[in-house]
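Examining the three-dimensional arrangement
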Amino acid sequence: MLPPHSSLVPLSLARALPRSACQLRRLPWRPAAGAAAAAPESRPPPAQDNAMADAGHSLHPSARGRGGTKRRRLRLLRLLLWVGTAFQVTQGAERELHACKESEYHYEYTACDSTSSRWRVAVPHTPGLCTSLPDPVKGTECSFSCKAGEFLDMKDQSCKPCTEGRYSLGTGIRFDEWDELPHGFASHSSNVEINDSTNESTENCTLSKWVPLGDYIASNTDECTATLKYAVNLKQSGTVSFEYYYADSNIIFEFFVQNDQCQPNADDSRWMRTTEKGWEFHNVKLNRGNNVLYWRTTAFSVWSKVSKPVLVRNIIITGVAYTSECFPCKPGTYADEQGSSFCKLCPENSYSNKEETSCHQCDADKYSEKGSSSCKMRPACTDKDYFYTHTACDANGETQLMYKWAQPKICNEDLEEAVKLPASGVKTRCPPCNPGFYKTDNSTCEPCPYGSYSNGSDCSHCPAGTEPVVGFEYKWWNTLPTNMETTVLSGTNFEYKGMTGWEVAGDYIYTAAGASDNDFMILTLVVPGFRPPQSVMADTENKEVARITFVFETICSVNCELYFMVGVNSRANTPVETWKGSKGKQSFTYIVEKNATVSFTWAFQRTTFHEIGRKYTNDIAKIYSINVTNAMNGVASYCRPCALEASDLGSSCTSCPAGYYINRDSGTCHSCPPNTILKAHQPYGVQACEPCGSGTQSNKIHTLCYNDCTFSVSSGSRSLDYNFSALKDPISLAGGPSFTSKGLKYFHHFTFSLCGNQGKKMAVCTENVTDLRIPEGESGFSKSIRAYVCQALIIPPEVTGYKAGVSSQPVSLADRLVGVTTYMTVDGITSPAELFHPESLGIPDVIFFYRSNEVTQSCSSGRATTIRVRCSPLKPAPGSLSLPSTCSDGTCDGCTFHFLWESAAACPLCSADDYHAIISSCVAGIQKTTYVWREPKLCVGGDALPEQRITICKTIDFWLKVGISAGTCTAILLTVLTCYFWKKNQKLEYKYSKLVMNASLKDYDLPAADSCAIMEGEDVEDDLLYTSKKTFFGKIRSFTSKQPAPVTISLSEDS
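Cut-offs applied
Residues numbered from 1 in each chain as written. Predicted model: local features only at pLDDT ≥ 70, side-chain atom pairs only at ≥ 80, totals over all residues. Heavy atoms only, no water. UniProt positions renumbered as here; feature names shortened; annotations may be inferred. Helix = DSSP H or I, 4+ residues; strand = E, 2+ residues; numbered from the N terminus. Buried < 20%, exposed > 50% of the residue type's maximum accessible area, 1.4 Å probe, protein only. Core = buried A, V, L, I, M, F, W, Y, C linked by side-chain atoms within 4.5 Å. Salt bridge = Lys/Arg side-chain N within 4 Å of Asp/Glu carboxyl O. Pairing = 2+ DSSP bridges. Patch = residues over 30% accessible without salt bridge, like charges linked within 9 Å, V, L, I, M, F, W, Y side chains within 5 Å. Areas by Shrake-Rupley, 256 points an atom, 1.4 Å probe, with all protein chains shown as cover. Lys, Arg positive; Asp, Glu negative; His and termini not counted. Charge placed at Lys NZ, Arg CZ, Asp CG, Glu CD. Polar contact = N/O pair within 3.5 Å; in protein donor to acceptor, adjacent residues only side chain to side chain. pLDDT = per-residue confidence, 0-100. Contact = heavy atoms within 4.5 Å. Axes fitted to C-alpha atoms, helices over the stretch in contact; angles between N-to-C directions. Phe/Tyr/Trp six-rings, centres within 6.5 Å; stacked < 30°, edge-to-face > 60°. Disulfide = S-S within 2.5 Å.

Per an unreviewed UniProt entry, the protein goes by the name MRH domain-containing protein and belongs to Myotis myotis. UniProt annotates the protein under Subcellular location (unreviewed entry) with the comment "Cell membrane". Among the UniProt annotations of the protein, the heading Sequence similarities (unreviewed entry) holds the following wording: "Belongs to the ELAPOR family."

With that settled, consider the overall build of the protein. For the protein, the helix and strand inventory stands at 7 helices and 74 strands. The buried share of the protein, reckoned over its 1055 residues, is 45%.

In terms of nonpolar packing, the biggest core is built from 43 residues, with Leu 525, Phe 564, Phe 600, Trp 602 and Ile 626 touching the most fellow members. If you look at the next biggest cluster of nonpolar residues, it comprises 38 residues, including Phe 848, Leu 883, Trp 901 and Ala 905.

Going through the model one piece at a time under the given rule, you end up with 18 salt bridges. With a closest N to O distance of 3.2 Å, Arg 614 and Asp 385 form a salt bridge. One end of the pair, Arg 614, is in the loop between β43 (598–605) and β44 (620–629); the other, Asp 385, is in the loop between β25 (376–377) and β26 (386–390), with 229 residues separating them in the sequence. Judged by relative accessible area, which is 5%, Asp 385 ranks as buried. In this structure, Arg 863 and Glu 854 form a salt bridge, with 3.5 Å as the shortest nitrogen-oxygen distance. Relative accessible area serves as the criterion here: at 13%, Arg 863 is assigned to the buried category. By relative accessible area, Glu 854 is classed as partly exposed at 34%.

Moving on: the sheet that holds β43. Strand order in the open sheet made by the 6 strands is β35-β34-β38-β43-β40-β41, with antiparallel pairing throughout. At either margin of the open sheet sits one strand with a lone partner, and together these are β35 (496–497) and β41 (574–580). Sheet analysis places strand β40 (residues 561–568) next to β43, joined by 8 bridges and oriented antiparallel. What sits directly across from Leu 562, in β43, is Phe 604.

On the surface, a cluster of positive charge is contributed by Lys 983, Lys 984, Lys 987 and Lys 991. Its location among the elements puts Lys 987 in helix α6 (residues 956–999).

It is worth spelling out the pairing of strand β69 (residues 896–903) at this point. Taken across its 8 residues, β69 has 8 buried, putting it largely inside the fold. Every second residue of β69 is oriented toward a common face, with Thr 896, His 898, Leu 900 and Glu 902 on one face and Phe 897, Phe 899, Trp 901 and Ser 903 on the other, all of them buried. Note that strand β67 (residues 864–871) and β69 share 8 bridges and pair parallel. Along β69, the bridge assignment pairs Arg 870 with Glu 902.

This part is about the side chain of Asn 518. When you line up the elements, Asn 518 lands in the loop between β37 (509–511) and β38 (520–527). Polar contacts involving the side chain of Asn 518 include one to the side chain of Ser 516, which spans 2.6 Å.

Here the protein shows a mean pLDDT of 78. Residues at 70 or above account for 78%. Below pLDDT 50 for its whole length, residues 194–202 participates in 9 contacts with residues either more than four positions away or in separate chains. The low-confidence segment residues 772–782 (pLDDT under 50) makes 18 contacts with residues lying over four places distant or belonging to another chain.

Strand order in the open sheet formed by 3 strands is β71-β72-β74, with antiparallel pairing between adjacent strands. Strands at the two margins of the open sheet, each flanked by one partner only, are β71 (915–919) and β74 (949–952). Looking at each pair of strands side by side, their axes are set apart by 25° on average, direction ignored. Bridge analysis of β71 against strand β72 (residues 926–933) gives 5 bridges, and the strand direction is antiparallel. The residue bridging His 916 from the neighbouring strand is Val 932, located in β72.

As a further point, take unusual backbone geometry. Apart from glycine, the bulk of residues carry a negative phi angle, and the bulk of peptide bonds sit in the trans form. Note that the residue after Gln 407, namely Pro 408, is joined by a cis bond; omega there is -5°. Relative to the assigned elements, Pro 408 resides in the loop between β27 (398–405) and β28 (426–429). Omega for the bond connecting Glu 935 with Pro 936 falls within 30 degrees of zero, at -5°, which places this linkage in the cis form. Tracing the backbone shows Pro 936 in the loop between β72 and β73 (940–942).

Position of Gln 927 relative to the elements: it lies in strand β72. By relative accessible area, which is 24% here, Gln 927 ends up partly exposed. Between the C-alpha atom of Gln 927 and that of Thr 951, which follows or precedes it by 24 residues, the distance is 5.2 Å.

Turning next to the packing of aromatic side chains. In the structure shown here, the tally under the stated rule is 48 aromatic pairs. A centroid spacing of 5.7 Å and a plane angle of 50° characterise the contact between Phe 550 and Phe 588, whose relative ring orientation is tilted. Taken together, the positions of Phe 550 in strand β39 (residues 546–555) and Phe 588 in strand β42 (residues 583–592) put the pair 38 residues apart, joining distant regions of the chain. Note on Phe 550: relative accessible area 0%, which makes it buried. Here the aromatic rings of Phe 564 and Trp 602 are separated by 5.5 Å at their centres, their planes lie at 40°, and the arrangement is tilted.

Further remarks concern the state of the cysteines. Evaluation of the coordinates by the stated rule reveals 20 disulfides. Here Cys 162 is linked by a disulfide to Cys 326, with a sulfur-sulfur distance of 1.8 Å. Taking the sign of the S-S torsion, -80° for the link of Cys 162 and Cys 326, the bridge is left-handed. In this pair, Cys 162 sits in the loop between β7 (158–161) and β8 (166–167) while Cys 326 sits in the loop between β18 (311–318) and β19 (327–328), placing the two residues 164 residues apart along the sequence. The pair Cys 162 / Cys 326 is uniform in exposure class, with both members buried. Residue Cys 859 pairs covalently with Cys 895 via a disulfide, S to S 2.1 Å. Measuring handedness by torsion sign, the sulfur bridge of Cys 859 and Cys 895 sits at about -95° and is left-handed. You can see Cys 859 sitting in the loop between β66 (846–851) and β67 and its partner Cys 895 sitting in the loop between β68 (880–882) and β69, a full 36 residues away along the chain. Residue Cys 859 shares its accessibility class with Cys 895, and that shared class is buried.

In structure tokens, the structure reads:
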């Protein structure tokens, strides 16, 4: 027989079984205290939560199958537990269960069925301790939720406001405490790429994760990829929102959402943009169902520079489910009203504990920062806790030196060892006004009207024939100029504070004491636009619109840093230069290349380490003067001569056309001589026209020198003419791969535009780190650089995993062409021949010399570039580019870059010296002359080979016959002549012999009688006898050596 209470057993068992079946399905999602209770149907237990947050694989069907098997096993075990409990209740008559009290059970909803309905059931905190639970009742619709500031009271299933000291988001959860990684979040990291072929050891990325730091969570700062994940199941469409601080463009920061099919949502906001002014808000819509949230960062700073981490805080997710209870306010916050959707921060010098409705004031000897959970003892005041400044000039033209405590004041001046604030009120004469301003009757400085100038005292009208040179020149610091502002950016939570970061000090402005040593002291100068000379406006390639020059000094005892940044059209500030440590008094000039609203920002940080109190207040930065040229709404400190234009009212100033200089005497405009360029800022006299370098010519408006892709030079006895038109299109060169300490592979990527297009630079290097999906044509300041030669760091897409490779840190290496020549040195730039393999064809290299406009600390004269163009007949256009073998990055000193460009298009133009003629033999009366190139052919284009020439010729048989006939005739003629002269010789010998005989007679002797038989002219001379024989030549010599006496023959009449 059953005991009296045995009748309750079947009812208890009947209630327990259906409840246990629901509980088997719902208990894994049972809410816990704190944030977990905000979404009882969306928050998995630790095992499942970790699984969902694990690398996106938990949503795979096979993973869900394995999880379902575990859940079925768990349900079976719990069912057996309930059956065993009921069996014990039935059999254990000696133990009587009491009716459950409200404190011993809670309510839950069953899972939603196909009709989106559910049941509310009571679940005991500890099964088997009590019975008589309330019966299940019809629950609210699955899409039901309460408003922000309310929670769902499960007893009567209605929304009620949160009490003071607590808050709720209605259908959302908030993560604003980051002392540790909240439940459900997972952080892991991986290498972007590890080069397995190298023997160098690469560091592990295991520790490169997102790190909780109290009020926010910080990303990694190395080249590893760190991912923060959170998986959530939404019962209705919702949102995810968070605040982020993203100041370093060397980090790629992306946020995206994947659904339960592991497909990312189509959202253009995946790539986060850098923040400019502290924390920014980001919101993304979420679809119903499973969503996995990803925050992913990868740093691409490969120049040993530590990047600033990305910070994330206040993550809010809506659409998860109903909220069955409100959350208590965390320490340092409070909620003083019912129905609060958030908790307020406690002000300075107050604190609060958990779930407070108000904040408590700190004791007089203690202090606290905003949002503090406790107070700290005030240290004794030191000389680092105050600063000095100057008041505005009074009516007497005097200023007072004032000492002030640094705010917020955290030190105690009542302690025995504390220093006292020095006495203030010492009066000194006010410094003069800045140039372009005048002093009013009440000793304030006002700008001079346009058309006048001043040196800081009184305004004077510009003389006739002159015009004011407008700009801003600040060198006296009695008050902060109206177009400048100063503030302090916290180095801890990166929020702007209502404090003064820079203080005026007469002849300089310096950094004040911040709330802590790692605060950023910010000074900003805003220029609404510029008014450059007309000649500059007409030149589309001359990038110099204006320039800013400032003189500064840093005095540091630790690792302080001074940043100079530029922002265009309210876009994010881009760092231009950074100085670390103490720097002596020096100047820096930055060239403005875009006519727009430009902000110049100086930020000084004493140290990157956060410590309580102020230890390095004496570490300061000073700026002595700031000079901005061509500033719109600027003032003038002097007037310059101008070109005069006649009018009815006399002569007035006008602008000379582009390329014209001003004659100081007459005020007229004159064009610069050919192949000269005009100094844009000093166009006075013909000396303002500077000649172009060798191998270059000026454009029509005389603003730049360029090369039209042609060049001529004399080499030996011939002239070499070049045409580089085939090399004018941009071409790229990637150096060998480099690797960081953790295996990130990157390349130095160069883009070249050898001669441009009539002076227009064609090489473009871009930066896409901050937004890889920026539309073309919308690349703002610092996103792209156009030059003759530029460089960027490239991480290829196969390394990053993105569709496009990452291009960062673009730098211009060549902004203007200095000269083109075959000499190794031009304008102080040298291109050493030994950097490349020697030229072996006898054709001299043509060298292009360039300079950049940007001046850096390491390159005081700016960067320089040389491109050695070499003739290589076997390499068709465009040919190949190479880096020096001894300087793999293209430079050996970091300032001068050298490149070798080998191409057939770099060979000289062909001329008559490059070919020769080949004459064929005479065939059938025809002879051909053919022209061929000399080998090896070392020319291109130019003169073409002459066409083959054909001439009429005679064959060899004809000329042989003619030769034989002529030879025969010549032989006969010679024979006849020989006979004739021999005959004549005989006669001469005979006559000569007779003369000799007559010459030997004495005066009284009669000559021998001539033969009467032989008369003169007869030929019988063969029988003459000579007493002595002489040769013909001997006789001639005898005849000439002797002078025969004259022979006188007298005949008497008788004879």
